[in-house]
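What follows is the residue order along each chain.
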Amino acid sequence: MLDADFFRRWITATAASVDREAQRLTALDSAIGDADHGSNLQRGFAAVLATLEKEAPQSPGAVLSLAGRQLISTVGGASGPLYGTLLRRAGKVLGDAPEVSEAQLAEALRAGVDGVMALGGAAPGDKTMLDALIPAVDALGEGFDAARRAAESGAVETTPMQARKGRASYLGERSIGHQDPGATSSSLLIAALVTAAEGGSDE
Ligand code: ADP
Ligand code: MG
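An unreviewed UniProt entry lists the chain under the name Dihydroxyacetone kinase subunit L, with Streptomyces seoulensis as the source organism.

(A) Structural context of the coordination of the magnesium ion (ligand 2). Note on the magnesium ion (ligand 2): its protein donors are Asp-29 (OD), Asp-34 (OD) and Asp-36 (OD). The metal-donor distances range over 2.0 to 2.2 Å. Along the chain, the residues donating to the magnesium ion (ligand 2) fall in the pattern D-x4-D-x1-D. What makes Asp-29 buried here is its relative accessible area of 8%.

(B) Structural view of the site of ligand 1. By nearness alone, 20 residues border ligand 1, and His-37, Asn-40, Ala-78, Ser-79 and Asp-180 come closest of all. Between ligand 1 and Asn-40, the relevant distance is 2.9 Å, taken from an oxygen atom to a side-chain nitrogen or oxygen of the residue. Contact between ligand 1 and Met-129: an oxygen atom at 3.0 Å from a main-chain N or O atom of the residue. Burial of ligand 1 by the protein chains amounts to 92% of its free accessible area of 560 Å². Mapped by element, the contributors of at least two residues to the shell around ligand 1 are α2 (37-55), α4 (79-94) and α8 (181-197). A per-element tally of the shell around ligand 1 places α8 first, with three residues. Here the residues of the shell around ligand 1 sort into six nonpolar, eight polar and six charged.

(C) Seen up close, the nonpolar core. Core analysis: the biggest nonpolar cluster contains 54 residues, and Phe-7, Trp-10 and Ile-11 have the highest contact counts within it. Sorting the residues of this core by element identifies α1 (4-32), α2, α3 (60-74), α4, α5 (102-120), α6 (130-139), α7 (144-156) and α8 as the ones contributing at least two each. The greatest single-element share of this core, amounting to nine residues, is contributed by α1. Apart from the residues within four sequence positions on either side, Phe-7 is in contact with Leu-2, Pro-60, Val-63, Leu-64, Leu-94, Val-100 and Leu-105.

The rules we used
Every chain is numbered independently, its residues counted from 1 as its sequence is written. Whichever chain is written first becomes A and whichever ligand is written first becomes 1, with later ones labelled in order. pLDDT decides what is reported in this predicted model: residues at 70 or higher carry local features, side-chain atom pairs at 80 or more are listed and counted, and totals for whole chains, interfaces and linings draw on all residues regardless. Each side-chain value is derived from all of the structure's non-hydrogen atoms; neither hydrogens nor water enter the calculation. Here the term donor refers to an N, O or S atom within 2.8 Å of the metal (or 3.2 Å for Na, K and Ca), and because water is left out of the atoms, sites may appear incomplete. The classification of residues rests on relative accessible area computed with a 1.4 Å probe and restricted to protein chains. Under 20% of the type maximum is buried, over 50% is exposed, and intermediate values are partly exposed. Proximity is defined per residue: any heavy atom of the residue falling within 4 Å of a molecule or strand makes that residue near it. In protein, a polar contact means a hydrogen-donor-capable atom and an acceptor-capable atom, both N or O and within 3.5 Å, with residues adjacent in sequence counting only if both atoms are side-chain atoms; elsewhere, any N or O pair within 3.5 Å suffices. A 1.4 Å probe and the Shrake-Rupley method give the accessible areas. Residues count as covered only by the protein chains that appear here. Labels follow the DSSP assignment, with helices taken as runs of H or I lasting at least four residues and strands as runs of E lasting at least two, numbered in each case from the N terminus. Residues are grouped as follows: Ala, Val, Leu, Ile, Met, Phe, Trp, Tyr, Cys and Pro are nonpolar; Asp, Glu, Lys and Arg are charged; all remaining types, including Gly, are polar. Buried residues of nine kinds, namely Ala, Val, Leu, Ile, Met, Phe, Trp, Tyr and Cys, make up a nonpolar core once their side-chain atoms join them within 4.5 Å. Contacts are assigned to residue pairs that have any heavy atoms within 4.5 Å of one another.

Now the structure itself:
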């Protein structure tokens, strides 16, 4: 079972890897966007860590809801409300249970992904974060490592796609040949589940 500490480690490990990879995320966004994805998420997750520390939420659902709310209020770019919705929706599904199963986490993330699709109107193949998140959620039943691999492949597979949503879509065919920054950060989020399961938070 996964408790609030697991979810705190997950978010902390995500923040650490966003910090490490911020330059790369921004470089990807400079190719097909406005070169702010790394700094957007760095700022967002730093604020999330501060608020988790201060408010000390006591359940998995409360950790995710608080993190999601903070991302929405801190990140100005498209990715803030989208990641915020992912985590808030997932948090809502988990409710105030003190511990949840991996299957419940998968179900909650599925609802979160549906929320991202409803908010942003993107579908699989549109070259967005969904192209990493959806395969990851599909693979979660086989464990965190399978989900990590699915997210990483999903992110790589955005390279030949033409963007149909978000800022990159303004480039039309010129968006082809670059990996999507949001799919890349989503693969960091999913990979952090493995770190959290190993007991670490990569601080
Ligand atoms: P902005 O595009 O406002 O500068 P960011 O650079 O932080 O915001 O995030 C860009 C990422 O957000 C994209 O790489 C893409 O993965 C994701 N994204 C943008 N629009 C959508 C959407 N409608 N649905 C899902 N993801 C999206
Ligand atoms: Mg951007």
